[in-house]
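Per-entry structural report
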Amino acid sequence: MSTPAAGAAILAPRRSSRFVAWVRAWRAGLVPFDEVADAVAGDEEHLVADAPGTWTDVPLREGLPTLAKLSPDEIRLVLPAPGDPRGLPGPGDFAGAALLAGEAVIAGALGLIPEVRVHTSGSGDTFETVLWRVYPLPANAPAASLTLPGAAEAEAELAAALADTTAALTRLDIAQWRPELAGALEALRRPDGTTDLPPGFDPRARRLFARAAVLDRVLALAGHAAPGGAVNNYEAQQRDAALRPLTAACRQALVAACNAPLRP
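Every chain is numbered on its own, with residues counted from 1 as its sequence reads. Two thresholds apply to this predicted model, a pLDDT of at least 70 for residue-level local features and 80 or more for giving and counting side-chain atom pairs, whereas whole-chain, interface and lining totals are computed over all residues. Side-chain metrics rest on all non-hydrogen atoms present in the structure, leaving aside hydrogens and water.

**Some remarks on the nonpolar core**
Among the nonpolar cores identified, the biggest contains 57 residues, and F19, W132 and L158 are the most heavily contacted of them. For this core, the element with the highest residue contribution is helix 10 (residues 233-258), accounting for ten residues. Split by domain, the residues of this core number at least three in each of domain 1 (4-145) and domain 2 (151-259). Ignoring anything within four residues of it in the chain, the contact list for L158 reads L208, R211, A212, L215, L246, A249, C250 and A253. L88, F94, A98 and I113 belong to the second-largest nonpolar core, a separate cluster that totals eleven residues. Nine residue types can take part in a nonpolar core, namely buried Ala, Val, Leu, Ile, Met, Phe, Trp, Tyr and Cys, and a core is a set of them joined through side-chain atoms within 4.5 Å. Summary of the burial criterion: residues with accessible area below 20% of their type's maximum are buried, those above 50% are exposed, and those between are partly exposed, where the area comes from a 1.4 Å probe applied to protein chains only. Put simply, DSSP H or I for four residues or longer makes a helix, DSSP E for two residues or longer makes a strand, and each gets a number counted from the N terminus. The split into domains, and so the bounds of each, comes from an automatic or database assignment of domains. By definition, residues are in contact when any of their heavy atoms lie within 4.5 Å.

**Looking at the pattern of salt bridges**
A carboxyl oxygen of Asp or Glu within 4 Å of a side-chain nitrogen of Lys or Arg is what we treat as a salt bridge. Applying the stated criterion across every chain, the model contains twelve salt bridges. Taking the shortest distance from any N to any O, the salt bridge between D73 and R24 comes out at 3.8 Å. In this pair, D73 sits in the loop between helix 4 (60-63) and strand 3 (75-78) while R24 sits in helix 2 (residues 15-27), placing the two residues 49 residues apart along the sequence. On the basis of relative accessibility, which here comes to 65%, the residue D73 falls in the exposed class. Between R204 and E155 there is a salt bridge; the shortest N-O distance is 2.6 Å. Placement of the pair is R204 in helix 9 (residues 203-222) and E155 in helix 6 (residues 151-171), with a sequence separation of 49 residues.

**Structural notes on the packing of aromatic side chains**
Working definition: a ring pair exists when centres of Phe, Tyr or Trp rings (six-membered ring for Trp) sit within 6.5 Å. Plane angles under 30 degrees give stacked, over 60 give edge-to-face, the rest tilted. What the rule picks out here adds up to three aromatic pairs. Ring centres of W26 and F33 lie 5.2 Å apart, and the angle between their planes is 55 degrees; this geometry places the pair in the tilted category. Classification of W26 as buried rests on a relative accessible area of 9%. For F33, a relative accessible area of 23% corresponds to the partly exposed category.

**Points about the pairing of strand 5 (residues 110-120)**
Two strands pair under a simple rule: DSSP has to find at least two bridges between them. Relative to strand 5, strand 4 (residues 104-107) is paired through three bridges, and the arrangement is antiparallel. Its bridge partner being in strand 5, V105 is matched across the sheet by L112. Between strand 4 and strand 5, which pair antiparallel in sequence order, lie two residues; one of them, G108, sits at a positive phi of approximately 65 degrees. Taken together, the eleven bridges between strand 5 and strand 6 (residues 126-136) define a ladder with antiparallel strand orientation. By the bridge assignment, T120 is partnered in strand 6 with T126. Connecting strand 5 to the next strand, strand 6, in antiparallel fashion are five residues, including G124 with a positive phi near 95 degrees.

Here you go:
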């Protein structure tokens with residue numbers, strides 16, 4: 001039977017992670033330019049706003065050449081959260097918007113943040129477009145804590161956090177009121193060979209990304225109140241406290257995987 005967690009597991013990962021992975025692979029010469037926009041956007045419509053040299057919103061394919069002179073190492077993923085601004089430059093419009101969005105791309109002297117816009121057609125159908133808003137980064141502002149862990153360290157920390165969180169949620173008897181979440185967390189402890197990264201990433205980065213991307217969706221599910229009011233405020237606080245270290249480890253794992261060194 002399909003569960004909400006199973007559905008969450010097949011949703012696309014964060015848009016910024018796909019953007020960084022595919023644009024870095026393009027700049028490394030590992031994938032052709034013609035594939036990048038489609039790989040990033042998937043079935044969505046993606047536009048770019050405020051790109052240098054443009055006067056209006058342009059399709060993603062027309063905005064990407066702005067990054068054509070960057071090396072892969074100049075393009076990186078940041079997944080900031082309140083109290084954890086690692087990877088962001090100094091205070092400014094970009095840092096504030098990135099904290100609100102919870103995800104962003106740093107590309108040389110520019111920052112990009114995806115904004116999801118929901119539209120309703122005349123027949124009542126709803127659809128989304130994604131607008132990548134471009135920000136100039138503060139001049140000479142050092143990024144906060146560039147010494148982020150590599151893929152090996154992030155993988156170990158994610159595994160440890162997953163084990164600790166599973167044990168904590170078992171003590172909380174999460175299976176009673178969120179059985180699909182408990183099952184999904186247990187399934188994540190098994191190796192997953194699938195990947196959504198382009199060529200150039202090594203097997204460790206692929207494995208880390210695959211696990212963290214699925215876990216990211218499971219944690220998004222966990223953030224919703226249990227159906228039927230099965231969780232009171234105290235139980236919700238316990239759940240949130242148990243999930244907090246795993247959420248941080250998951251964000252760190254996605255960053256480490258997408259920013260990992262590329263190989264031909």
